[in-house]
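Here are the chains, one letter per residue:
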Amino acid sequence: MKKILISLVLLGLIGWGVYDLYFQEKKAPSKPTQVQQKQPAPATTEFPNEQLPLAPDFTLKTLEGKEVTLSELRGKKVMLNFWATWCPPCRAEMPDMEKFYKEYKGKNVEILAINFTTAEKSHKDVEKFVKEFGLTFPVVLDEKNIVNDIYQPQGIPNSFFIDSKGVAQYHIIGPMTYDSLVERINSID
């Protein structure tokens, strides 16, 4: 229990730090200079394309109680996004994820937003969040922390991009923008 509490505190601090860093320029833009500094990109791990095993399979339930199994999405490009309602950078990326989903959902692309449910106060918080942001992509609940244990995301938000053959190609740590989502999904088969 102590480890979980420490992990949650660390995740929260990391999330807040990323949020603060990510939105620093938007809150207080600096005076234009000849050289504008760009916002650092999220950390990316690119997996080599050769001899990779399939992404670990799982089945989770949506807020509505419908079961979603990763392997049943084979043939589509999939973004697994690990998030929580209390995470500021997660909140920041959700509008871009929704915009991306609306544009790409008919193009053999799927988003599975895996909620870190064990860190939430209640399911009602997740329902309220989904409604507040008008999310239409599948939100699944990791109520027993099984998928988090399998994928071991290093903080939240955290995303894995899985190709149509079921192989993880990218692991992104930190919030993503619409443009970075498009870039990643277009770079995999």
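Each remark here, short or long, concerns the structure printed above.
Residues numbered from 1 in each chain as written. Predicted model: local features only at pLDDT ≥ 70, side-chain atom pairs only at ≥ 80, totals over all residues. Heavy atoms only, no water.

J.: Would you mind showing me how to read the pairing of strand 7 (residues 158-162) here?
T.: Regular strands show a simple pattern: their side chains alternate between the two faces of the sheet. Most of strand 7 is tucked away: five of the five residues are buried. Judged by which residues are buried, strand 7 turns out to be covered on both faces: Asn158, Phe160 and Ile162 on one side and Ser159 and Phe161 on the other are all buried. Here five bridges tie strand 7 to strand 8 (residues 168-173), and the two strands are oriented antiparallel to one another. Across the sheet, Ser159 pairs through a bridge with Ile172, a residue of strand 8. (Buried < 20%, exposed > 50% of the residue type's maximum accessible area, 1.4 Å probe, protein only. Helix = DSSP H or I, 4+ residues; strand = E, 2+ residues; numbered from the N terminus. Pairing = 2+ DSSP bridges.)

J.: I'm lost on the state of the cysteines in this one. Help?
T.: Put plainly, two cysteines are in a disulfide when a covalent bond ties their sulfur atoms together. Applying the stated criterion to the full structure yields one disulfide. A disulfide bridge connects Cys87 with Cys90, and the sulfur atoms are separated by 2.5 Å. Because the torsion about its S-S bond is 80 degrees, the bridge between Cys87 and Cys90 counts as right-handed. Cys90 gets classed as buried once you look at its relative accessible area, which sits at 0%. (Disulfide = S-S within 2.5 Å.)

J.: What am I meant to see in empty space enclosed by the protein here?
T.: Empty pockets left among the atoms are what a rolling probe the size of a water molecule brings to light. One pass over the structure, following the stated rule, counts one cavity of 30 Å³ or more. Its volume calculated, the largest cavity comes out at about 70 Å³. Split by residue class, the lining of the largest cavity holds five nonpolar, three polar and four charged. (1 Å grid on protein atoms, 1.4 Å probe; cavity = no way out; pocket = protein on both sides within 12 Å on 5 of 7 lines; lining within 4 Å. Points joined across faces, edges and corners; volume = space filled by probe spheres on them. Nonpolar A, V, L, I, M, F, W, Y, C, P; charged D, E, K, R; others polar.)

J.: Teacher, can you tell me more about the pattern of salt bridges here?
T.: Two side chains that carry opposite charge are able to pair once their charged atoms sit near each other. What the rule picks out here adds up to three salt bridges. Salt-bridge contacts for Lys76 lead to Glu110; the nearest nitrogen and oxygen are separated by 3.8 Å. Of this pair, Lys76 sits in the loop between strand 3 (67-69) and strand 4 (77-83) while Glu110 sits in strand 5 (residues 109-115), and the two are 34 residues apart along the sequence. Overall, Lys76 belongs to the partly exposed group, its relative accessible area being 27%. The closest approach of N and O atoms between Lys102 and Glu98, which form a salt bridge, is 3.9 Å. With Lys102 and Glu98 both in helix 2 (residues 88-104) and four residues apart, this pair spans about one turn of that helix. (Salt bridge = Lys/Arg side-chain N within 4 Å of Asp/Glu carboxyl O.)

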